[in-house]
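# Overview (structure and organization)
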Amino acid sequence: MNRIICLIISLLILFELDCEVVGVPDYNYSVFPLEGWVFQPYENTDSLSWLSNDNSIAMSVTAYTGSTYDDIDYMFNNLSLEYNGSGNFVHFNYLNFQGAIGEILFDIGGKKFKGWVIFLNGEEFDYHLNAFTLEENFDNAFNEIQSVLDSFSYGEKGPLNPGPISSFLEESPQRQFKTFTVDFFNQKISVLASDYDLTSSQSLIEREADIMQNYSLDPSNFYNAWKRYYQIIFRDNY
């Protein structure tokens, strides 16, 4: 029921939102950073980054031409060397991209950082996404790190499909679709979905609700944070 209510409200407000999505047409992707995050100065659009409003979390996207890396394992091994860190990664698929995702630990200037990294290997472009914070702040920043990485969107299909984090969470060898009956304004509607899809969507709703609570004492940013909340849910539910 929570998912249905969120979807209805999303539909009602979708067409009146002044979208804050950052599009990068040179590399055919977009990112929807959290409200108050600051876009950092850049020289080329192949590498862009953002900082949280309190400077505690950093997020970046680096894009490459699709011929740069032959496969996801080579891409992962090559780019992981830049961190001089450690982490466990698993393969997944995102909109026909070969992907690898996982947590990573590394040092910068003697300080320990922890975050999530996503590698996407495609035909037209390859992408390297990361979001991280100080290791001792990782648990507090976990939702924000996942949310901003999940806001990555590729091409025309991206805005109407779950993000890379949600795509990873929904993937399972046991994923089986079945028919659910939903009571929608006194009408019975049949919906084809899997338990994994529903669990992933509910986790996303709770994740984004926790984030929105951080803006409850910030009137200047709360309204836009509220709009982003429903846009993220609409995308996942579409």
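The structure under discussion appears in the preceding block.
Presented here is a report on the structure given in the accompanying data block.

Here is what the cut-offs are and how they apply
Residues numbered from 1 in each chain as written. Predicted model: local features only at pLDDT ≥ 70, side-chain atom pairs only at ≥ 80, totals over all residues. Heavy atoms only, no water. Helix = DSSP H or I, 4+ residues; strand = E, 2+ residues; numbered from the N terminus. Rg over C-alpha atoms; globule rule 2.2 N^0.38 Å. Buried < 20%, exposed > 50% of the residue type's maximum accessible area, 1.4 Å probe, protein only. Contact = heavy atoms within 4.5 Å. Areas by Shrake-Rupley, 256 points an atom, 1.4 Å probe, with all protein chains shown as cover. Lys, Arg positive; Asp, Glu negative; His and termini not counted. Charge placed at Lys NZ, Arg CZ, Asp CG, Glu CD. Expected span 1.5 Å × (residues − 1). Bend = angle between axes of the 7 residues up to and from the residue. Pairing = 2+ DSSP bridges. Phe/Tyr/Trp six-rings, centres within 6.5 Å; stacked < 30°, edge-to-face > 60°. Axes fitted to C-alpha atoms, helices over the stretch in contact; angles between N-to-C directions. Left-handed = near helix turned anticlockwise from the far one by under 90°. Nonpolar A, V, L, I, M, F, W, Y, C, P; charged D, E, K, R; others polar.

Along the backbone of the protein there are six helices and 12 strands. Here the C-alpha radius of gyration of the protein, 18 Å, is about what a compact globule of 238 residues would show, namely 18 Å. Taken along its principal axes, the extent of the C-alpha atoms in the protein is 60 × 45 × 35 Å. Among the 238 residues that make up the protein, the fraction classed as buried is 46%. For the protein, the proportion of contacts with a sequence separation of at least 24, taken over those separated by at least 6, is 54%. With the model as given, the accessible surface of the protein reaches about 12800 Å², and the carbon-plus-sulfur share is 51%. Of the side-chain charges in the protein, 12 are positive and 33 negative, and the distance between the mean point of each set is 7 Å.

Note on helix geometry: an α-helix contains 3.6 residues per turn, so any two residues three or four positions apart are oriented the same way. With 13 residues, helix α3 (residues 138–150) should cover 18 Å at 1.5 Å per step; its first-to-last C-alpha distance of 17 Å lies within 8% of that length. Of all bends in α3, the biggest is about 25 degrees, found at E144. Residues of α3 that are buried: F138, A141, E144, I145, Q146, S147, V148, L149 and D150.

With that settled, the discussion passes to the sheet that holds strand β1 (residues 22–24). Two pairing modes exist for strands in a sheet, parallel and antiparallel, and in both the strands are linked by backbone hydrogen bonds. With antiparallel pairing, the three strands of this open sheet are ordered in space as β1-β2-β10. Each having just a single partner strand, β1 and β10 (153–154) make up the two edges of the open sheet. The pairing of β1 with strand β2 (residues 29–31) spans three bridges and is classified as antiparallel. Along β2, the bridge assignment pairs V24 with Y29.

Once that is clear, we can look at the packing of aromatic side chains. The tally for this structure, following the rule as stated, stands at 28 aromatic pairs. Here the aromatic rings of Y94 and F97 are separated by 6.2 Å at their centres, their planes lie at 25 degrees, and the arrangement is stacked. F97 carries the same exposure label as Y94, and that label is buried. Centroid distance F106 to F132: 5.1 Å. Interplanar angle 75 degrees. Geometry classified as edge-to-face. Here F106, found in strand β7 (residues 97–108), pairs with F132, found in strand β9 (residues 125–134); they are 26 residues apart in sequence, far enough to count as distant. Considered together, F106 and F132 belong to a single accessibility category, that of buried residues.

On to unusual backbone geometry. In terms of backbone geometry, most residues other than glycine have negative phi values and most peptide bonds are trans. With a phi close to 50 degrees, L95 is a non-glycine residue in the positive phi region. Secondary-structure assignment places L95 in the loop between β6 (89–94) and β7. Classification of L95 as partly exposed rests on a relative accessible area of 26%. Although it is not a glycine, N96 sits at a positive phi angle of roughly 70 degrees. Inspection of the secondary structure puts N96 in the loop between β6 and β7. With a relative accessible area of 78%, N96 lands in the exposed category.

Moving on, we get to the pairing of β7. Two elements, β6 and β7, share six bridges in a ladder whose sense is antiparallel. Of the residues in β7, the one forming a bridge with F89 is G102. Here β6 hands over to β7 after two residues, with L95 in that stretch at a positive phi of 50 degrees. Direction of pairing for β7 relative to strand β8 (residues 111–121): antiparallel, over a ladder of 11 bridges. Looking across to β8, one finds that I104 is bridged to G115.

Contact pair α3 / helix α5 (residues 195–213): the axes reach a minimum separation of 10 Å and the direction vectors enclose 115 degrees. Read as a crossing pair, α3 and α5 show a hand that is left-handed. In contact with N143, E144, Q146, S147 and D150 of α3, α5 contributes L204, R207, E208, D210 and I211. In terms of residue class, the contact of α3 with α5 is made up of two nonpolar, three polar and five charged.

Here we take up the environment of K157. Secondary-structure assignment places K157 in the loop between β10 and α4 (164–170). Assessed through its relative accessible area of 58%, K157 is described here as exposed. Taking the C-alpha atoms as reference points, K157 and N53, separated by 104 residues in sequence, lie 30 Å from one another.

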